[in-house]
Amino acid sequence: CWLAEYDLGYISGLAAALAANGIATWSVEYRRVGDTGGGWPGTFVDVAAAADRLTELSLEHRLDLNRSIVVGHSAGGHLALWLAGRKWLEGDDPLRGDAPVSFSAVLSLAGVADLAAYASPHGCGSAVAGLLGGEPTEVPERLQRASPMELLPLGGEVVLVVGELDPIVPADQASVFAEAARRMGDSVTVRSNPGAGHFELIDPTTPAGKAVVEMARNLVSRGP
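What you are looking at is a predicted structure, and each value in this text was computed from that prediction instead of being measured. Numbers given to residues run from 1 along each chain, matching the order in which its sequence is written. Local features are withheld for residues below a pLDDT of 70 in this predicted model, meaning they are given only at 70 or higher, and side-chain atom pairs are given and counted only at 80 or more; totals for whole chains, interfaces and linings count all residues. To obtain the side-chain values, all non-hydrogen atoms of the structure were used and water was disregarded.

## So, the packing of helix α1 (residues 12-20) against helix α9 (residues 207-222)
Then, number 1: It is the contact of α1 with α9, at a shortest axis distance of 10 Å, that shows an interaxial angle of 45°. Taken together, the axis directions place α1 and α9 in an arrangement best described as oblique. Classified by chirality, the crossing of α9 by α1 is right-handed. Along the contact surface, α1 presents L14, A17 and L18, while α9 presents V212, V213 and A216. Lines fitted to C-alpha atoms define the axes here, with helix axes fitted over just the stretch in contact, and angles between the N-to-C directions of these axes take values from 0 to 180 degrees. For helices the rule is a DSSP run of H or I covering at least 4 residues; for strands it is a run of E covering at least 2, with both sets numbered from the N terminus onward. Here the word oblique covers every angle except those under 35 degrees (roughly parallel), over 145 (roughly antiparallel) and from 65 to 115 (roughly perpendicular). Should the near helix be turned counterclockwise from the far one by less than a right angle, the crossing is left-handed, whereas a clockwise turn marks it as right-handed. What makes two residues a contact is simply this: any of their non-hydrogen atoms within 4.5 Å.

Structure representation (C-alpha cells):
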C-alpha cells in the first residue's frame with residue numbers, strides 16, 4: 001500500500017530465489033507514505049533514481065542491461081509498471097530524468113495498474129490519495145504522471161500475474177489494463193493463479209511463487 005509500516009523485507013524470499021536462479025537481483029527501498037518526503041513526489045523520485053543507477057552498476061558488476069526486467073508486487077507492481085512507462089513523461093519532468101533506463105520486460109505481480117480505478121475510501125485503495133497528495137480527481141496532473149494506465153504504451157513485454165482469490169488487488173486491475181495496453185500496441189500476457197491470493201505470488205515455496213521465478217528466468221533469458 002506504499003505505506004511506511006511495510007518495507008522490502010517481505011519480498012526478500014522472492015529476491016533470494018531469483019538470485020539463486022542466476023538472476024542478478026536488486027531489491028530497492030524508497031520513501032513511502034508516512035516517511036518524511038514520501039508519497040508525492042519522493043516515492044517516485046527514489047524509485048527512478050534506483051533504476052537509473054543500474055547504468056553505473058552494470059559497469060561495476062558486468063550486468064547486461066539489454067536483458068534487464070523490472071519486477072514488483074502490489075504497490076511495487078504499480079511502481080514496476082510506472083518505471084516501464086516513465087520514459088513518456090515530459091523531457092524536463094524530474095520524475096523522468098535525463099536518460100531513464102529501459103527494461104526489456106516488466107513483471108507485475110498483483111500490481112496496481114490504474115490508480116484512479118483503484119482509489120477507494122477503504123483498504124489499500126485509501127492509500128492512493130496519500131501517494132498522490134490528493135484524490136485522483138483533485139490532482140489530475142499528478143495522476144497522469146503517476147498511473148501506468150496513463151503512460152501507455154509501455155513498450156517491451158508486459159506480464160501481469162494475478163491471484164484468482166486476491167482480496168487486496170482485484171484481478172480486473174490486470175485485465176482492464178491489459179486490454180487498454182493491447183489496443184495501444186503492447187505485448188501483454190495475463191497469468192491467473194487459481195486458488196492463490198495476494199501473497200502466494202511472492203512466496204517461492206508455493207506453486208504460484210515457483211511459476212513467477214520461472215517466468216522471470218524466461219524473460220531474462222529472452223532479452224529484447
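Now that the structure has been shown, the text picks up again.
## Some details on the pairing of strand β2 (residues 105-109)
Then, number 1: In terms of residue burial, β2 counts as a mostly covered element, since 5 of its 5 residues are buried.
Then, number 2: Residues A105, L107 and L109 of β2 are buried on one face, and the alternating residues V106 and S108, pointing to the opposite face, are buried as well.
Then, number 3: Two strands are counted as paired when DSSP detects at least two bridges linking them. Pairing of strand β1 (residues 69-73) with β2, which is carried by 5 bridges, proceeds in the parallel orientation. For I69, the partnering residue across the bridge sits in β2 and is A105.
Then, number 4: The path from the first strand over the helix to the second decides the hand: if it runs clockwise while the strands point away from the viewer, the crossover is right-handed. In this region the chain leaves β1, passes through helix α4 (residues 75-85) and returns to the parallel neighbour β2; the handedness of that crossover is right-handed. Each residue is placed in one exposure class: buried if its accessible area under a 1.4 Å probe, protein chains only, is under 20% of its type's maximum, exposed if it is over 50%, and partly exposed if it falls in between.

## Quick word on α4
Then, number 1: Summarising burial for α4: 11 of the 11 residues are buried, a large majority.
Then, number 2: Among all positions in α4, only A75, G76, G77, H78, L79, A80, L81, W82, L83, A84 and G85 are buried.

## Quick notes on the environment of A146
Then, number 1: On the secondary structure map, A146 appears in helix α7 (residues 140-146).
Then, number 2: Judged by relative accessible area, A146 falls into the buried class, the value being 0%.
Then, number 3: Once the C-alpha coordinates of A146 and G85 are considered, the two residues, 61 residues apart in sequence, prove to be 9.4 Å apart.

## Digging into the side chain of T206
Then, number 1: Along the chain, T206 turns up in the loop between β4 (187-193) and α9.
Then, number 2: Here E200 takes part through its backbone oxygen, which lies 2.8 Å from a polar atom of the side chain of T206. Polar contacts here mean pairs of N or O atoms no more than 3.5 Å apart (in protein, one a potential hydrogen donor and the other a potential acceptor; neighbouring residues in sequence count only if both atoms are side-chain atoms).

## Considering the packing of aromatic side chains
Then, number 1: Ring pairs are drawn from Phe, Tyr and Trp, using the six-membered ring of Trp, whenever the two centres fall within 6.5 Å, and their geometry is named by plane angle: stacked under 30 degrees, edge-to-face over 60, tilted for the rest. In this structure the tally under the stated criterion is 3 aromatic pairs.
Then, number 2: Between F44 and W82 the ring centres are 5.0 Å apart and the planes differ by 70°, which places this aromatic pair in the edge-to-face class. Of this pair, F44 sits in helix α2 (residues 42-52) while W82 sits in helix α4, and the two are 38 residues apart along the sequence.
Then, number 3: Using a relative accessible area of 0% as the deciding quantity, one classes F44 as buried.
Then, number 4: Clustering of aromatic rings is evident, with ring pairs tying together W40, F44 and W82.
Then, number 5: We call a charge positioned above a ring when the Lys NZ or Arg CZ atom is no farther than 6 Å from the ring centre and deviates by at most 35 degrees from the ring normal. The side chain of R32 reaches across the aromatic face of Y30, ending 4.3 Å from its centre.

Just geometry here; none of it tells us what the structure is for.
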